[in-house]
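# Summary of the model geometry
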Amino acid sequence: MRRASYAAEITVTVGQRFASLGGVTVRNRRLALLWLRRQALRLADGHGSAVRDASPGDVRPVRFHGSDAPERLRFWATDGPRQDDAIRALEAGFPLLLTVVDPAVGLSLTLAGWRGRLADHL
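The present account deals with the structure reproduced in this document. (Residues numbered from 1 in each chain as written. Predicted model: local features only at pLDDT ≥ 70, side-chain atom pairs only at ≥ 80, totals over all residues. Heavy atoms only, no water.)

Scanning the protein chain for helices and strands turns up three helices and four strands. Starting at the N terminus and walking to the C terminus, you meet the elements of the protein chain as β-β-α-α-α-β-β. Here the protein chain, with 122 residues, has 39% of them falling under the buried criterion. Put simply, the protein chain shows about 7,300 Å² of open surface, and 53% of that area lies on carbon and sulfur atoms. (Helix = DSSP H or I, 4+ residues; strand = E, 2+ residues; numbered from the N terminus. Buried < 20%, exposed > 50% of the residue type's maximum accessible area, 1.4 Å probe, protein only. Areas by Shrake-Rupley, 256 points an atom, 1.4 Å probe, with all protein chains shown as cover.)

Next up on the list: the pattern of salt bridges. Between side chains of opposite charge, a pair can form when the charged atoms approach closely. Taken as a whole and assessed by the stated rule, the structure comprises six salt bridges. Linking Arg29 and Glu91 is a salt bridge whose minimum nitrogen-to-oxygen distance equals 3.3 Å. Residue Arg29 is found in helix 1 (residues 29-46), and its partner Glu91 is found in helix 3 (residues 80-91); the two are separated by 62 residues along the sequence. Using a relative accessible area of 23% as the deciding quantity, one classes Arg29 as partly exposed. (Salt bridge = Lys/Arg side-chain N within 4 Å of Asp/Glu carboxyl O.)

So this is what it looks like as structure tokens:
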């Protein structure tokens, strides 16, 4: 028997450099979306400073040089229709992608979620 799992990851790109800030694999799409929302709000609120409520599964902070990227992250994480669209995309088996850009330094931050498969061991 096989069971669906979901993965979520946040990556950053600056010029030709690319890095993963962290990710998770969880048992359902709601947990994947919840993790992405939490990380989006942490990144938006932290603006690269140390965040007090950090837990071991949280992504590393990013220093934004403008307010556009943090505002877009916050808007995505708190907007009901966008969250509804995100959960429907995951439910349908499509990947969830959101990229925000900090044009002052050419930084791109991408939130991604997708469906995978895990084998159950019975």
